[in-house]
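Chains, contacts and geometry: an overview
Residue-level listing of the chains:
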Amino acid sequence: MNAQWAPACNLKQLQCRAQMLSKIRAFFEQRKVLEVETPLLCHSTGTDPQLDFFSSAYHCSPNNKQMYLQTSPEFAMKRLLAAGSGSIYQICKAFRNGESGRFHNPEFSILEWYRVNYNLQQLMDETIELLLYVLEKNKSTANIKVLTYSALFEDITALNPCVFCLQSYISYAESNDLTDAISLCGKDHSMWLDFIFSHIIQPQLDQYPLCIVYAYPAIQASLSRINIDNPAIADRFEVFIKGIEIANGFLELADRNEQERRFDQENEVRRSKGMMLVKKDPYFLDALSAGLPECSGIALGLDRLLMILTNSHSLKEVMPFPFDRA
Amino acid sequence: MAKYSTNEFKAGLKIMLDADPCAIIENEFIKPGKGQAFNRVKIRNLKNGRIIERTFKSGESVEGADVVDVDIQYLYRDGDFWHFMMPDTFEQYQADKNTVADSVKWLKDQAICTMTLWNDLPLSVTPPNFVELSITDTDPGLKGDTSGGGGKPATLETGAVVRVPLFVQIGEMIKVDTRTGEYVSRVKE
């Protein structure tokens, strides 16, 4: 179907998607996890300088209100958790500005769920169970690989990802045809990790049908908690299927002050890069003050999962109207 | 020339890189969910034809290259230069040896070629996919041999050497695929 009005994907994909969604709902229903809905259009958004958002004005002239399409439903779901909802999940759209490619569409479908009183290990186990269920695979034959970020990184690069030694990062880049990294990343440790991980390590994960990488370096904690026993690492994990990043899970940060400090740090990065500063979400911070229960949470890209389920090469093959036809 | 954001990168886009005009062959947007986004790009340098890989930070912008392909007629060679003319405007361009490069062996007077211009200067010349040229030299083949098996080398009027079937003779016109340099057929005059 070449005409722009027509769906980009095969119509069979619609059925595959519906089937995938009903399986996910069945999985959580069986486990008594409540499905919820939270707003996609909010008065605030995250400060993460790596997540560019869409914003729009709500018209109530002359005091128009700046509104934001959410890059994930995280803040609102945590407000429900703080209010005592118990374990919850949501299937919704998320929006990320400027992200378009084989594995990216600015508007995409996300599955996000939170488990009260789960530690990271329990959430990793549940994520594996969900994926095996949706992919119709057996645990014993699925060849699941679970390894730490450090072990994976050091094994492939011989670099320590938690300790930044610029000179050894540079010599690694020089001897591995990655000289672009030297000028792009400069002294930015986190960007070096992103560069090496996405250019060298992630492509090698394609040998694993299901791979979980956990214990990220603390500088890549995002909204996860720093490990209580080892401050060099964060209680965060990511799931890769055949090398495709599919989900990102955290032991959730519940400390309001720590959360506010991270927002401030991120805004500082925004300021240094000449980006717009973002107002810290007061509802979210107040919810943390009220008390977020001990919980772990994870976001999973549903369009990518559908790609994997249907052996597709690109998101365009699984979305009826990807960005250029939207 | 306009600037292009990495978000506009796609195959075919012409950009300036290290002061040379280049064409994007492949663009992959890579971004860890919680990290820096990059565009990993495969690029052809239009001056020397070399293909390189480069990574850009997403959101950066780069200078576009004023590169266009035009249909142009080959006129004649004059010492170190090959002269071409736009059929509609009669505007003339001269290309040097580096610019015509390997295409030179297929250039026949009057042929309509594709010329790639960078800032209105010739960057490269591509001959038509098929050209008809006469044979100026080849071993006399055996009469009656129509098998074509093996073949023999034949020199064409432009100096190109192609393998032709044994039955093809000096003075005959043949059709050649310039992309592969292979004989296609004899041309009946």
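For the structure given in this document, a descriptive report is provided here. Bear in mind the structure is a predicted one, so any value in this text is a computation, not a measurement.

Some details on the environment of Pro161(A)
Residues and elements named next belong to chain A. Residue position: proline 161 is located in the loop between helix H4 (149-157) and helix H5 (166-175). Exposure remark for proline 161: the relative accessible area of 0% places this residue in the buried category. Leave out the neighbours within four places in its chain, and proline 161 touches Tyr149, Ser150, Phe153, Glu154, Tyr169, His189, Leu193 and Pro217.

Section: the interface of chain B and chain A
Note: interface size is frequently given as the accessible area lost on complex formation between the parts. The interface is formed by 18 residues belonging to chain B together with 25 residues belonging to chain A. A buried area of about 1,900 Å², summed over both sides, lies between chain B and chain A, and 51% of it is on carbon and sulfur atoms. The largest share of the area that chain B buries against chain A comes from Phe29(B), Lys31(B) and Lys34(B), three residues that together contribute 36% of it. Our count for the chain B to chain A interface comes out at 3 salt bridges. Asp180(A) serves as the salt-bridge partner of Arg54(B), at 3.4 Å between the closest nitrogen and oxygen. Summed over the shared surface of chain B and chain A, the number is 8 residue pairs in polar contact (both at pLDDT 80 or more). Listed by contribution, the elements that provide at least two residues to the side of chain B that touches chain A are strand E3 (20-30), strand E4 (38-45) and strand E5 (51-57) of chain B. No other element matches the 5 residues that E5(B) contributes to the side of chain B that touches chain A.

Considerations on the pairing of strand E4 (residues 65-69) of chain A
Residue and element names in this part refer to chain A. Taken together, the 2 bridges between strand E2 (residues 41-42) and E4 define a ladder with antiparallel strand orientation. When the sheet's bridge partners are listed, leucine 41 is paired in E4 with leucine 69. Between strand E3 (residues 55-58) and E4, which pair antiparallel one after the other, the connecting turn spans 6 residues.

Quick notes on helix H8 (residues 256-272) of chain A
Residues and elements named next belong to chain A. Here H8 spans 24 Å end to end across 17 residues, near enough to the 24 Å set by a 1.5 Å rise per residue. Along H8, the residues classified as buried are Glu258, Gln259, Arg262, Phe263, Glu266, Asn267 and Arg270. The positive-phi residue at the C-terminal boundary of H8 is glycine 274, with phi of around 70°.

Looking at the sheet that holds strand E13 (residues 152-156) of chain B
Residues and elements named next belong to chain B. The strand order across the open sheet built from 5 strands is E14-E13-E12-E15-E16, with neighbouring strands paired in antiparallel fashion. Whereas interior strands pair on both sides, the edge strands pair on one side only; in this sheet they are strand E14 (161-164) and strand E16 (182-186). If you compare each strand with its neighbour and ignore which way they point, the axes differ by 50° on average. Note that strand E12 (residues 130-138) and E13 share 3 bridges and pair antiparallel.

Points about the packing of helix H2 (residues 74-82) of chain A against helix H9 (residues 282-291) of chain A
All names here are of chain A. In contact at an axis separation of 9 Å, H2 and H9 are set at 30° when each is read in the N-to-C sense. As the angle between them shows, H2 and H9 are arranged roughly parallel. By crossing handedness, the relation of H2 to H9 is classed as left-handed. Only Tyr283, Phe284, Ala287 and Gly291 of H9 make contact with H2, whose side of the interface consists of Phe75, Lys78, Arg79 and Ala82.

Conventions we followed
- Residues numbered from 1 in each chain as written.
- Chains lettered and ligands numbered in written order.
- Predicted model: local features only at pLDDT ≥ 70, side-chain atom pairs only at ≥ 80, totals over all residues.
- Heavy atoms only, no water.
- Helix = DSSP H or I, 4+ residues; strand = E, 2+ residues; numbered from the N terminus.
- Buried < 20%, exposed > 50% of the residue type's maximum accessible area, 1.4 Å probe, protein only.
- Contact = heavy atoms within 4.5 Å.
- Buried area = accessible area lost by both parts, 1.4 Å probe.
- Salt bridge = Lys/Arg side-chain N within 4 Å of Asp/Glu carboxyl O.
- Polar contact = N/O pair within 3.5 Å; in protein donor to acceptor, adjacent residues only side chain to side chain.
- Pairing = 2+ DSSP bridges.
- Expected span 1.5 Å × (residues − 1).
- Axes fitted to C-alpha atoms, helices over the stretch in contact; angles between N-to-C directions.
- Parallel < 35°, antiparallel > 145°, perpendicular 65-115°, else oblique.
- Left-handed = near helix turned anticlockwise from the far one by under 90°.

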